[in-house]
Structures are given as structure tokens and as C-alpha cells.
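Notes for the structure review
Given next are the chains, with one letter for each unit.
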Amino acid sequence: MQVTIIDFEKILYKDIAISIIAPGLNGYFQILENHDSFISILSNGWIKLNKSFNDKILKIPINGGYLRVKNNFVIVVL
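Quick look at the overall build of the protein
In terms of helices and strands, the protein carries zero helices and seven strands. Helices and strands appear in the protein in the N-to-C order β-β-β-β-β-β-β. For the protein, the C-alpha radius of gyration of 11 Å lies close to 12 Å, the compact-globule estimate for 78 residues. Over its C-alpha atoms, taken along the principal directions, the protein stretches across nearly 30 × 25 × 20 Å. Per-residue burial for the protein yields a buried fraction of 36% across its 78 residues. Relative to all contacts within the protein whose residues are 6 or more apart in sequence, the contacts with residues 24 or more apart total 46%. A distance of 3 Å separates the average location of the 8 positive side-chain charges in the protein from that of its 6 negative side-chain charges.

As C-alpha cells, this is what we get:
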């Protein structure tokens with residue numbers, strides 16, 4: 001799925017990922033390919049991205065924001 005993570009200053013990540021783990025208000029949740037449409041408010045924590053099965057997990061610290069999933073496109077605004 002295509003993932004874009006932006007804050008007010010720049011694009012932090014714009015590439016594909018097979019898995020995203022993000023901190024929701026009630027705990028962490030995971031998004032995989034072909035996830036149903038979804039919007040969530042994010043709390044403080046780490047967004048963890050896995051680009052492929054062989055890659056290391058990329059961790060991005062966040063202080064809240066929101067996440068939207070639609071048609072295998074994920075956008076995170078911090």
C-alpha cells in the first residue's frame with residue numbers, strides 16, 4: 001500500500017509499506033494491505049512501518065495526529 005506521512009514542515013515518509021502499526025487513542029493498531037476504509041485519531045507514540053518482509057522496521061516518533069486509509073492509500077497528518 002502507498003503510505004504518506006506528513007507534518008506541518010515536510011514529508012516524513014512517502015513510499016510503499018506492507019504493514020503499519022500506529023498508536024490510537026485506545027492502544028496500538030495494525031493496518032495491512034487491502035484494509036477497509038478507516039480514520040483514526042492518533043496519540044503519542046511511534047508509527048512503525050515495515051516496507052517488506054526482509055526489511056527492518058522504520059520507527060517514527062509522533063505526538064498525535066490522524067490517519068486515514070482508503071483504497072490501499074494511507075495518509076498520516078501529524
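Quick look at the packing of aromatic side chains
Under the definition given, this model contains one aromatic pair. Centroid distance F29 to F38: 5.3 Å. Interplanar angle 70°. Geometry classified as edge-to-face. Of the residues examined, F29 reaches a relative accessible area of 17% and is grouped as buried.

What to know about the side chain of T4
Turning to its location among the elements, T4 is positioned in strand β1 (residues 2-6). Among residues more than four places away in sequence, those in contact with T4 are Y13, K14, V74, I75 and V76.

Quick look at the environment of L78
In this structure, L78 sits in the segment after β7 (73-77). If sequence neighbours within four positions are ignored, L78 has contacts with I5, I6, D7, F8, L12, I62, G64 and G65.

A closer look at the pattern of salt bridges
Scanning the entire structure with this criterion turns up one salt bridge. Across the pair D15 and K51 runs a salt bridge, and its minimum N-O distance is 2.8 Å. Placement of D15 in strand β2 (residues 11-16) and of K51 in the loop between β5 (38-50) and β6 (57-70) is noted, with a sequence separation of 36 residues between them.

Description of the nonpolar core
Side chains of nonpolar character tend, in soluble globular proteins, to be buried together. Grouped together as the largest cluster of nonpolar side chains are 19 residues, with contacts concentrated most on V3, I5, I47, L49 and L67. If you list the elements that add at least two residues to this core, you get β1, β3 (19-24), β4 (27-32), β5, β6 and β7. Per-element accounting of this core gives the leading share, four residues, to β6. Residues within four places of V3 in sequence aside, it is in contact with Y13, K14, D15, A17, I20, L49 and V74.

What counts and what doesn't
- Residues numbered from 1 in each chain as written.
- Predicted model: local features only at pLDDT ≥ 70, side-chain atom pairs only at ≥ 80, totals over all residues.
- Heavy atoms only, no water.
- Helix = DSSP H or I, 4+ residues; strand = E, 2+ residues; numbered from the N terminus.
- Rg over C-alpha atoms; globule rule 2.2 N^0.38 Å.
- Buried < 20%, exposed > 50% of the residue type's maximum accessible area, 1.4 Å probe, protein only.
- Contact = heavy atoms within 4.5 Å.
- Lys, Arg positive; Asp, Glu negative; His and termini not counted.
- Charge placed at Lys NZ, Arg CZ, Asp CG, Glu CD.
- Phe/Tyr/Trp six-rings, centres within 6.5 Å; stacked < 30°, edge-to-face > 60°.
- Salt bridge = Lys/Arg side-chain N within 4 Å of Asp/Glu carboxyl O.
- Core = buried A, V, L, I, M, F, W, Y, C linked by side-chain atoms within 4.5 Å.

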